[in-house]
Each structure stands twice: as C-alpha cells, then as structure tokens.
Amino acid sequence: KELDLLKDDFLSTISHELRTPLTSIRSFSEILNEAEGIGEPQAQRYLAIISSETQRLTRLLDTILDLTRLEQGEADWRIEPFDAKGTLEDAVAATGGLFRASNASLELRIEPALRPLRADRDRMMQVYINLLSNAAKFCDPERGHVIVVGRPVADGYLVEASSIVELAGK
C-alpha cells in the first residue's frame, strides 16, 4: 500500500510538471494559429517560448528517465551560474497562458540580481513555474490580480507571487 501511495504521488507530481510546458506550448501555438494581424516580433517571441518549453519538456522527461540515479543518490544536478531575473521572466512567459485562462491580471516587479547565482537553472525554472502556476490557479477568477516580485537579497534572489483580490465596488 505504501508503494502504491508513493507511485500515485510520483505520478501526480510528474503530471503537474509536464502539464505546465504542454499548456504553454498549446496556448502559444493556438495564438499563432488563430490570431490575425499578429506582428512578426510577437510571433517570433511566441515561437521562442514554444521552443524553450519544448526543450524544457525534453529535459523533464530526461529527468524521469534518470529516476534510477536519483533513487541511488546520484542525482545529476547542473550547478552553474544562471540569471535569476531572466529565468523568472522566462517562467512568467511560459505561464502566460495560465494567467489568461484564469482571467487574472499580472503585475511584474522584477529587478536584476546583483550577480549571477549558482544553481541548476532547470530546477529553478520548475520552482518559479510551480509558484506562478499556483498563483494563477488559486486567484479569484473574476477579479484576480497577481503581483510577481523578484529582487536581490543578501546572497540570493527572492521571488514572491501574491494574489490580490479586488473588492467589489472599489
């Protein structure tokens, strides 16, 4: 029974991790397919997001295939300098379809990091996307407003997503 619960938890986590890039790919593909008069720069930006999310999806699948290594304590972390602000901006772009689907307005207050941070960029992207996905998922569907803050702190970078509900009549 415990093994079944672990398997169910694993499948739930994997489904969540795979759904986000697939949703982004689908959303931006639909926009490109259905939008009339979309400018070349915007179309190129959407294609870049689709490409980036496809690459991330491939890396997620590679991670699943490397599960044996993780179980043996031989995780393959790619610790290297990464741009926290740029990664957060990529995560915001990747989850844009979720915010549009939830009718939430999105306010960004993203500052550059003081210096490149050292971490596994893909893992940080997962963290950022999970944070943003939850903000989109749990905001008020009629008057939702999400504020995303990214700013340097001490030896790191703080990322917050706050869901604000506007009161009726205000």
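Structure shown above.
If you're wondering where the values come from, they're calculated on a predicted model, not measured in any experiment. (Residues numbered from 1 in each chain as written. Predicted model: local features only at pLDDT ≥ 70, side-chain atom pairs only at ≥ 80, totals over all residues. Heavy atoms only, no water.)

## With respect to helix 6 (residues 121-138)
With 18 residues, helix 6 ought to run about 26 Å at 1.5 Å a step, and its terminal C-alpha atoms sit 26 Å apart, in line with that. Of all the positions in helix 6, only Asp122, Arg123, Met125, Gln126, Tyr128, Ile129, Leu132, Ser133, Ala135 and Ala136 are classed as buried. (Helix = DSSP H or I, 4+ residues; strand = E, 2+ residues; numbered from the N terminus. Expected span 1.5 Å × (residues − 1). Buried < 20%, exposed > 50% of the residue type's maximum accessible area, 1.4 Å probe, protein only.)

## Points about the nonpolar core
Of all hydrophobic cores here, the largest spans 22 residues; its most connected members are Leu88, Tyr128, Leu132 and Tyr157. Contributions of two or more residues to this core are made by helix 4 (84-94), strand 3 (117-120), helix 6, strand 4 (144-153) and strand 5 (156-165). Considering each element in turn, this core owes the most residues, six residues, to helix 6. Core analysis: the next-biggest nonpolar cluster, separate from the first, contains 10 residues, Leu18, Phe28, Leu57 and Leu60 among them. (Core = buried A, V, L, I, M, F, W, Y, C linked by side-chain atoms within 4.5 Å.)

## A look at the pattern of salt bridges
Side chains that carry opposite charge are capable of pairing whenever their charged atoms lie near each other. A complete count under the given rule lists six salt bridges for this structure. A salt bridge links Asp122 to Arg78; its shortest N-O distance comes to 2.4 Å. One end of the pair, Asp122, is in helix 6; the other, Arg78, is in the loop between helix 3 (67-71) and strand 1 (79-82), with 44 residues separating them in the sequence. Residue class for Arg78 comes out partly exposed when judged on its relative accessible area of 40%. (Salt bridge = Lys/Arg side-chain N within 4 Å of Asp/Glu carboxyl O.)

## Notes on the packing of aromatic side chains
What the rule picks out here adds up to one aromatic pair. Centroid distance Phe28 to Tyr46: 4.9 Å. Interplanar angle 45°. Geometry classified as tilted. Note that Phe28 is positioned in helix 1 (residues 2-34) and Tyr46 in helix 2 (residues 40-65), a separation of 18 residues in sequence. The exposure class of Phe28 is buried, given its relative accessible area of 3%. (Phe/Tyr/Trp six-rings, centres within 6.5 Å; stacked < 30°, edge-to-face > 60°.)

## Here we look at the environment of Gln126
Within the secondary structure, Gln126 is located in helix 6. Residue classification places Gln126 among the buried residues on the basis of a relative accessible area of 15%. The spacing of Gln126 and Arg56 is 70 residues in sequence and 9.4 Å in space, taken between C-alpha atoms. Residues in contact with Gln126, not counting those within four places in the same chain, are Glu17, Arg56 and Leu60. (Contact = heavy atoms within 4.5 Å.)

Take it as geometry only, folks, not as evidence of what the structure does.
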